Amino acid sequence: MMPEHHAYCTYFDSGYLSRGLALIASLREHGDDSPVCVMSLDDAAHDFLTEADLPAVTSIRVAELEQAVKALVPLRGERSRMEYYFTMTPLLVRHVMTKYAQATTVIYLDADLYFFADPREVLDALGAGSVGIIEHRYRPRLARRLAKYGRFNVGWVGFRGDEDGVRCLDWWGEKTLEWCGDRPSDGRYADQGYLDRFPSFDGVRILASSGFNLAPWNTAGRRLTEAAEGLSIEGEPLVFFHFHGVKRTARWWMTSQLVYGAPLSRVLRESVYAPYLRRLEEFDAVVAASGHAPRPSATSRGTGIRGLVFRAQRAVLGVLNVVSGNAIRITRNDS
């Protein structure tokens, strides 16, 4: 039997560059030296990654994917920037599957993931499956409110290049080209809502470990512990955490834990968030020293009145985060 190889893909702009670098570093620090293909969403991110020449990391421009998928180009003027990037998620996976022909499995990762244990544990859980997806695992009360965003989270999605995997992946790509709105509509939501249909395809496996894609929306009521061998959640190893909603405001890093009714516990604060935020500050300094200063994020959401309301809500939440202890300030004494 031929040995199995895998490759990763992700995308981010220079505003998320430190997060993307932290993600890649966490893969490497846990022994995963597989290829990582980054679709850089602006010139600053592409130039930094090209000059950094990180081992087994390749940066491509959006234009390369547009050249490969001609149906994308007309959509560029019809969709918001976020919707356009969401449209590309399955198309990027397919492009990387072709680009890295030696990879039997291609995995899409959100840039704000960070691994605390061997990433191959997730692939091991996939077993003989062709497609791996992970549920949000909302608490019942949250599930009623957030069901419109889908049962599954798009943060980690893996596809084997076999018949079943390619069939599901190509269907997903066709659907995002057809519609990829940033607001829930008729059971659809961006690239993510389509994952609800994946279980109807052959070869799809739901990866059920609590330690896969732990996130602000599923930490409440679950026991996170630490021991010499590492962190565990409900007795299972914490493999990776999804740092959704982390924002820097002046001296503070805001978490989104309160948004999901899951205040920071001591272990979550000290052993999950604090190490990650220190890495972000380290990589922010590296990026600043490189001369490739982050530009205003092309992936920020909200325009017009919607944007004003969103920013006002975020400002109020920021104050609540600080007062309630759900914001973190990293100082030199923390390192």
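None of these values were measured; they are calculated from a predicted model.

## Some words on the sheet that holds strand β15 (residues 327–328)
The strand order across the open sheet formed by three strands is β13-β14-β15, and the pairing between neighbours is antiparallel. The open sheet has two edge strands, β13 (247–249) and β15, and neither has a second partner. Bridging between strand β14 (residues 252–254) and β15 involves two bridges; their strand directions are antiparallel. Residue pairing for β15: Trp 253 is matched across the bridge by Ile 328.

## With respect to the packing of helix α4 (residues 81–99) against helix α7 (residues 163–178)
Between α4 and α7, whose axes approach to 8 Å, the crossing angle comes to 145°. Handedness of the α4/α7 crossing: left-handed. Where α4 approaches α7, its residues Phe 86, Thr 87, Thr 89, Pro 90, Leu 91, Val 93, Arg 94 and Met 97 are matched on the opposing element by Val 166, Leu 169, Asp 170, Trp 172, Gly 173, Thr 176 and Leu 177. Tallied by class, the residues present in the contact of α4 with α7 amount to nine nonpolar, four polar and two charged.

## Brief notes about α4
The sharpest bend along α4 measures roughly 40° and falls at Thr 89, with the proline Pro 90 sitting one to four residues further on. Counting buried positions over the 19 residues of α4 gives 15, a clear majority of the element.

## Overview of the packing of aromatic side chains
In this description, an aromatic ring pair is defined by two values, namely the gap between the centres and the angle between the planes. Per the stated rule, a full pass over the model turns up 17 aromatic pairs. A ring pair is formed by Phe 115 and Phe 240, whose centres lie 5.0 Å apart and whose planes are at 40°; its orientation type is tilted. Of this pair, Phe 115 sits in strand β5 (residues 113–115) while Phe 240 sits in strand β12 (residues 240–242); the two residues are 125 residues apart in sequence, bridging distant segments of the chain. Its relative accessible area of 0% is what places Phe 240 among the buried residues. With centroids separated by 5.9 Å and ring planes inclined at 75°, the aromatic side chains of Trp 217 and Tyr 260 adopt a geometry described as edge-to-face. On the criterion of sequence distance, the pair formed by Trp 217 in the loop between β8 (204–206) and β9 (224–227) and Tyr 260 in the loop between β14 and α8 (266–290) is long-range, its members being 43 residues apart. The burial state of Trp 217 is the same as that of Tyr 260; both residues are buried.

Basis of the calculations
Residues numbered from 1 in each chain as written. Predicted model: local features only at pLDDT ≥ 70, side-chain atom pairs only at ≥ 80, totals over all residues. Heavy atoms only, no water. Pairing = 2+ DSSP bridges. Helix = DSSP H or I, 4+ residues; strand = E, 2+ residues; numbered from the N terminus. Axes fitted to C-alpha atoms, helices over the stretch in contact; angles between N-to-C directions. Left-handed = near helix turned anticlockwise from the far one by under 90°. Contact = heavy atoms within 4.5 Å. Nonpolar A, V, L, I, M, F, W, Y, C, P; charged D, E, K, R; others polar. Bend = angle between axes of the 7 residues up to and from the residue. Buried < 20%, exposed > 50% of the residue type's maximum accessible area, 1.4 Å probe, protein only. Phe/Tyr/Trp six-rings, centres within 6.5 Å; stacked < 30°, edge-to-face > 60°.

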